[in-house]
Amino acid sequence: MRKVIGIGETVLDIIFRNEQPISAVPGGSTFNAMISLGRAGINTTFISETGNDRVGRRIINFLEENHVNSSHVNVYPESKSPLSLAFLNDQNDAEYLFYKDHPKDRLDFSYPEVNEDDIVVFGSYYALNPVIRPQVLGFLQYAHQRGAILYYDVNFRAAHQHEVMKLTANFLENLELADVVRGSHEDFDVLFHTTDASTVYRTQISFYCKKFICTYGSEPIEVRGEDGFQKQYAVQPVEAVSTIGAGDNFNAGFVYGLMQYGISRSDMNGSLSENQWDALIASAQRFSMECCKSIDNSISVEFGNTLKI
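Note that the structure is predicted; figures quoted are calculated from it, not measured.

A. Examining the sheet that holds strand 9 (residues 149-153) more closely. Taking strand neighbours across the sheet as the criterion, the 9 strands line up as 5-4-1-8-9-10-11-12-13 in an open arrangement whose pairing is mixed. Taken across any chain shown, the strands that pair with only one partner, and hence form the sheet edges, are strand 5 (68-76) and strand 13 (230-233). Within the sheet, the average angular offset between the axes of one strand and its neighbour, ignoring direction, is 15°. Where strand 11 (residues 212-216) meets strand 12 (residues 219-224), 4 bridges bridge the pair, whose relative direction is antiparallel. Bridge pairing in strand 12 links Cys 214 to Glu 222.

Pasting the structure below:
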């Protein structure tokens, strides 16, 4: 049975509207995608760490409640779990503040079993952080050697712009290992000072990874692939309650599509057809739109119950 393994940070997202807290939801970029995939009936495992506190226990319970294997989440006795404050504006887009009180970053875990055609989701600063880089890179290389599909969400925040040069080597290693790379126009503006998908693909991505997705919020999605393939996909309008997790759930929907349509690592080593791209992007958009309909960071349990493969 194919499975999805995510590796990333855990946080508690405290969400504000009009300067007042309205919700507190366990989160983290890859975490949000794993919750949605667990709710959709996918065999899912998450690798991370958290603090030995009430928030950490809530995060682990939340994973288990949503059918995500949490046995590879390390709990550090002397650490407090990180917090994220998300302030929604009038368009329900979020501005973030992060609070992290780990004495030092580290990552200590045993590798979960990885088999051919399993899917690994990774990204954000977590996939670049020099302190835990040896452990993250070791696992990604192991998963690649075992025949997994690696999905890389760049998700690079402006807060780390001053570290771009220091992190470049790690970024290029991630691109080399990835079978699919997705990023937003904001990511590429921070990294490369351009938001043009064709320029980013030609000058930064295509040498390392041929399958590329660039999202632009409510503007059309740009896709690039082998043999000069390129296509633009309109984004369907949605009455958003919150856009927190929209990109994370785009990732979840794309990964769900890989499993739903039986797309294997050998398929990914070649060129996807236009029909396959259409189906995968439609699945990604469906998850993303569903997430935006609530204050939660993931698809609803009810929506997930309609998706069991």
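B. The arrangement of the packing of aromatic side chains in detail. Applying the stated criterion to the full structure yields 18 aromatic pairs. Aromatic pair Tyr 201 and Phe 212: ring centres 5.7 Å apart, planes at 20°, arrangement stacked. Remark: Phe 212 occurs in strand 11 and Tyr 201 occurs in helix 6 (residues 197-205); sequence separation between them is 11 residues. Phe 212 matches Tyr 201 in its accessibility class, with the two residues each being buried. Residues Phe 254 and Trp 277 carry aromatic rings whose centres are separated by 6.1 Å and whose planes lie at 50° to one another, so their mutual orientation is tilted. With Phe 254 in helix 7 (residues 246-260) and Trp 277 in helix 9 (residues 274-292), this pair connects stretches of sequence that are 23 residues apart. Side by side, Phe 254 and Trp 277 carry an identical accessibility label, which is buried. Through pairs of rings, three or more aromatic residues link up here, namely Phe 122, Tyr 152, Phe 171, Phe 188, Phe 192, Tyr 201 and Phe 212.

Criteria and cut-off values
Residues numbered from 1 in each chain as written. Predicted model: local features only at pLDDT ≥ 70, side-chain atom pairs only at ≥ 80, totals over all residues. Heavy atoms only, no water. Pairing = 2+ DSSP bridges. Helix = DSSP H or I, 4+ residues; strand = E, 2+ residues; numbered from the N terminus. Axes fitted to C-alpha atoms, helices over the stretch in contact; angles between N-to-C directions. Phe/Tyr/Trp six-rings, centres within 6.5 Å; stacked < 30°, edge-to-face > 60°. Buried < 20%, exposed > 50% of the residue type's maximum accessible area, 1.4 Å probe, protein only.

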